[in-house]
Every structure is written in structure tokens, then in C-alpha cells.
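Commentary on secondary and tertiary structure
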Amino acid sequence: MIFLIFQNLTIRQNAIYFGNILLYFLYPKQVIKSLLNSSLKSSQYTNKNNQIYKYKSVKINCNLNKMASTLTKAQRLKNLNDLLSQFSNKVKQNNIKLPKFVKVVEVGPRDGLQNEATLLPAKDKIDLINRLSDSGLKTVETTSFVSPKWVPQMGDNMEVFAGINKYPNVSYPCLVPNVKGLEQALKVGVKEIAVFGAASEGFTQKNINCSIAESLERFRAVIEEAKKHNLLVRGYVSTVMGCPYQGDVDPEKVAEVSKILYDMGCYEISLGDTIGIGTPEKTDKMLTAVKKQVPVEKLAAHFHDTFDKAISNILVALEHGVSVVDSSIAGLGGCPYAKKQAGNVCTENVVYSLQQLGIETGIDLLKLKQIGSDITTKLKRDNMCLLE
Ligand SMILES: CC(C)(COP(=O)([O-])OP(=O)([O-])OC[C@H]1O[C@@H](n2cnc3c(N)ncnc32)[C@H](O)[C@@H]1OP(=O)([O-])[O-])[C@@H](O)C(=O)NCCC(=O)NCCSC(=O)C[C@@](C)(O)CC(=O)[O-]
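Residues numbered from 1 in each chain as written. Predicted model: local features only at pLDDT ≥ 70, side-chain atom pairs only at ≥ 80, totals over all residues. Heavy atoms only, no water.

Looking up the protein chain in an unreviewed UniProt entry gives the name hydroxymethylglutaryl-CoA lyase, with the organism given as Tetrahymena thermophila. In the Pathway (unreviewed entry) part of its UniProt record, the protein chain is described as follows: "Metabolic intermediate metabolism; (S)-3-hydroxy-3-methylglutaryl-CoA degradation; acetoacetate from (S)-3-hydroxy-3-methylglutaryl-CoA: step 1/1." The UniProt entry for the protein chain carries the following text under Sequence similarities (unreviewed entry): "Belongs to the HMG-CoA lyase family." (UniProt positions renumbered as here; feature names shortened; annotations may be inferred.)

1. Some remarks on the packing of helix α10 (residues 212–228) against helix α11 (residues 251–264)
A pair of packed helices is captured by two measures, namely the crossing angle of their axes and the spacing between those axes. Where α10 contacts α11, the axes come no closer than 10 Å and their chain directions differ by 20 degrees. With respect to each other, α10 and α11 are oriented roughly parallel. Crossing of α10 over α11 shows right-handed handedness. Counting all contacts with α10, which are made through I212, L216, F219, R220 and I223, the residues of α11 involved are K253, V257, I260, L261 and M264. Grouping the constituent residues of the contact of α10 with α11 by class yields eight nonpolar, no polar and two charged. (Axes fitted to C-alpha atoms, helices over the stretch in contact; angles between N-to-C directions. Helix = DSSP H or I, 4+ residues; strand = E, 2+ residues; numbered from the N terminus. Parallel < 35°, antiparallel > 145°, perpendicular 65-115°, else oblique. Left-handed = near helix turned anticlockwise from the far one by under 90°. Contact = heavy atoms within 4.5 Å. Nonpolar A, V, L, I, M, F, W, Y, C, P; charged D, E, K, R; others polar.)

2. Details of the packing of aromatic side chains
Enumeration over the complete set of coordinates arrives at zero aromatic pairs. Note that K206 overlies the ring of Y245, its terminal NZ or CZ placed 4.8 Å from the centroid. (Phe/Tyr/Trp six-rings, centres within 6.5 Å; stacked < 30°, edge-to-face > 60°. Lys NZ or Arg CZ within 6 Å of the ring centre and 35° of its normal.)

3. Considerations on the pairing of strand β8 (residues 232–238)
β8 sits mainly inside the fold: six of its seven residues count as buried. Of the pairings in the sheet, the one linking strand β7 (residues 192–198) to β8 comprises seven bridges and is parallel in character. Counterpart to G197 in the pairing with β8 is V237. Of the strand pairs in this sheet, β8 and strand β9 (residues 268–273) are connected by four bridges, and their pairing is parallel. Paired with V237 across the two strands is L271, which belongs to β9. (Buried < 20%, exposed > 50% of the residue type's maximum accessible area, 1.4 Å probe, protein only. Pairing = 2+ DSSP bridges.)

4. Remarks on empty space enclosed by the protein
By rolling a water-sized probe across the atoms, one finds the places where empty space is left. Under the defined criterion, the tally for this structure stands at three cavities of 30 Å³ or more. For the largest cavity, the calculated volume is near 40 Å³. Taken together, I311, I314, L315, L318, V350, S353, L354 and L357 make up the lining of the largest cavity. Secondary-structure elements contributing two or more residues to the lining of the largest cavity are α13 (310–320) and α14 (347–356). In terms of residues, the lining of the largest cavity owes the most to one element, α13, which gives four residues. Along the lines of polarity and charge, the residues of the lining of the largest cavity split into seven nonpolar, one polar and no charged. (1 Å grid on protein atoms, 1.4 Å probe; cavity = no way out; pocket = protein on both sides within 12 Å on 5 of 7 lines; lining within 4 Å. Points joined across faces, edges and corners; volume = space filled by probe spheres on them.)

5. Some points on the confidence of the model for the protein chain
Mean pLDDT for the protein chain: 85, with 80% of residues reaching 70 or above. Low pLDDT (under 50) marks residues 1–68, which in the prediction has 135 contacts with non-local residues, meaning those over four places away or in another chain. Contacts from residues 335–340, a stretch scored under 50 in pLDDT, to residues over four places away or in other chains number 16 contacts. We note a pTM of 0.85 for the whole complex and an ipTM of 0.98 for its interfaces. (pLDDT = per-residue confidence, 0-100.)

Given below as C-alpha cells:
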């Protein structure tokens, strides 16, 4: 039994860590929702003057040893290869049309790093982004223009964006939660932004401090202003397969929020399994609902790999016709309290899987592997890449 005190962490970090830890032990039990709700009630969070929410003395009954994956990398690679070969057979037997090309959106410098305990200096972030854009990736999410009090790792957003090489054939989107963030982004010449909402009220409140309806009104203002400056706008919908605060999320709600963002002018909707509790079945249900509201070619899969299910879920997304996949170099992100607990799905594993399926990405896997190895050495953390 372990007693963890989650203090001095941003609400986003707490949400993810706490959700992941609880879910890891309960999954796949049917009681996730009620336990998540009761655990939330047992914690307190206070809006301090400095606007950082903190959990106070959250008790978590768990045994950290159990949290580490018991499988070796070699075993996990074998499982991945088995999965890919079964999937290939299914595709052939059922004459399923997969996308010929998949755009991989690298989110490591933003979504990955924002969850890393170690603060990476701006010069190292710049080097990381430059090397990623030199690997064939066409989109490298660079930073976020959010409050540095909420997400300290992104506090150097202007310096990082101003410092990177801008290749003409690469997009460098940045997260923007409100008009203030947009103004900052415009000052350094950002050309593409992403607004980020969620399909659950609980997560929206704790991530951006407002309701879903309020968040959408904020995004409307941001998008209108962004369009005046000819910026491209991507839309995120988080918690599409479950919320750390509410448990289950109705696929119809995901579809509703996605459609609103799409109608507001987002050119692409990225569907985030924020805490990685998706399964192939849930992915199928969620995409079936969303595709009725937003054309599939405008959808992206943004899956976290908490329970080693992200690639299985991506395969379902490919079957549905999704041809944009978000991922993070070396699987950056995740939970520092459980070293082997994964964050975003690892880019190298995604690119490898796509290559094995004969799907083009235009990405140099060897370069990616080297970048992943270097950044994990720098951060002194596990590399989630399964390839030797
Ligand atoms: C949205 C706010 C700002 C609202 O935060 P708030 O406290 O409600 O905002 P406020 O308007 O009351 O302002 C409070 C303070 O923040 C400042 N402020 C206000 N806006 C900005 C800004 N843009 N940039 C810099 N500073 C800002 C503002 O100036 C003020 O400063 P003070 O007067 O106290 O010194 C806050 O909640 C926030 O920054 N949240 C960040 C959340 C975040 O970054 N989460 C991670 C990204 S989402 C994600 O990772 C999920 C995703 C996308 O990957 C998909 C998935 O996996 O599901």
C-alpha cells in the first residue's frame, strides 16, 4: 500500500497521473466509473491565488511494483508483430481498404514534454524540433501558449517557437486556449494553432478551468481572430474514450463536440484518448459516432498508450479510414511515478507498424530512432521504442 501526496503538480499532470494509476489497477473491471467518481470525492483541490490547482493528500491504494509492465521489450515487439500480421491477414481476407499514406503528427515536444518531470532547456527543445522536422515528419507540434503557472514546461513557448528552423514543407502547430494565447503566438509568427476541448465536463473544468460550453465560446473567438490572420486551426477533443473524473464518455458527446469545432472552422479534429483507456471496441463505437458528424478524412487519432492498446486502437482507426495519427517521439510523456507507464503512443512504433502494413509515411525511421534515443538519454527516462 502506498500513500502518495500529489502536490506541486499542475492539474493536467495530476489528472493524468491519478487517472492512470487508478485505472491501471482497476482495468478491465467494470467498476472504473464508480471508483473514479468516489476517488475524486476523496480528494480536495483548491484554487490558490497562483491559479494552480493542487490535490491535497490524495490517498491511493496501490502497489507500485505492479505498475511496471512485466513484459520485456522483446516480448512486446513480438506481440506487436503478431498483432500486425493478424491484422494484415484480416485486411487481405476481408478486402479492407487502408489509407495508402498516413500523416504522422509529432506531438512529443508539446504533449510529451508537458508531462515530463524534467524541465528541458529551450535550446534542447529547439534542437529536438529541428531534428524531428528533418526526419520527414510533416507536422511537429511545437509548444503551447498556455499559462506557465498551469504548465511550467511550456513557459518558454516564445523562445522555442522563435528559435526553431521553419522548413516550408513542415507545419509547426501550437496549442492556444484563448485570445491571450493567440496574441502571444502571433507575436512570434505562428502559422497554425490548435484549440483544445474535451468531451467531458470534468476534464474540461480541470484542464482549462471552464465548462464545455464556455470553452467552445472561447474557441469561437480564437478561431475567428485566427482566421483574420490566415492561420490554420486544428481542434482537439480530449477524453474521447473515458475521463479520469467522470469515467465513461458517450461517443455521441464526442461526435457533438467534434462537429461544433469542425463547423467553427477547424480543418482537422484530433480525437484524444487522453488517459489511454481505449479498446478496439470503444474505438470502433466512438469513430462510428464521430464519422456521422465529421468527414473521416478530417479526423486524427491521438491515442495514449497507458495499457499498451494504442496501436490496436490505431489499427481500428485505419480500418475506419482515418489517415492522420498523432504520436510522441520515444513515447515521451506519461507518469513519472511509474517509470514504465507509457504516455502518448511512441512515434517510432507507429511508423514501424505503418511500414509493416505497407502504408507510406515519408519518415526516416532510423533518424527517428536516434532522436528518440538521444532525447530519452537527456531526460533520463525510459524509451518506449520497441525496435533495436
Ligand atoms: C486556459 C487557462 C489559461 C485558463 O486559466 P484561468 O486561470 O481560468 O485564466 P484567467 O483568464 O483567469 O487568467 C489567469 C492568469 O493566467 C494568465 N493567462 C491566461 N491565459 C493565458 C495564456 N494563454 N498564456 C499565458 N498566460 C495566460 C492571465 O493573464 C492570468 O495571469 P495573472 O493575472 O494571474 O498573472 C489555463 O487553464 C491554462 O493555461 N490551462 C492549460 C491547460 C493545458 O495546457 N493543458 C494541457 C494541454 S491539453 C492536452 O494535453 C490534451 C491533448 C490536447 O493533448 C489531447 C489529449 O491527449 O486528449
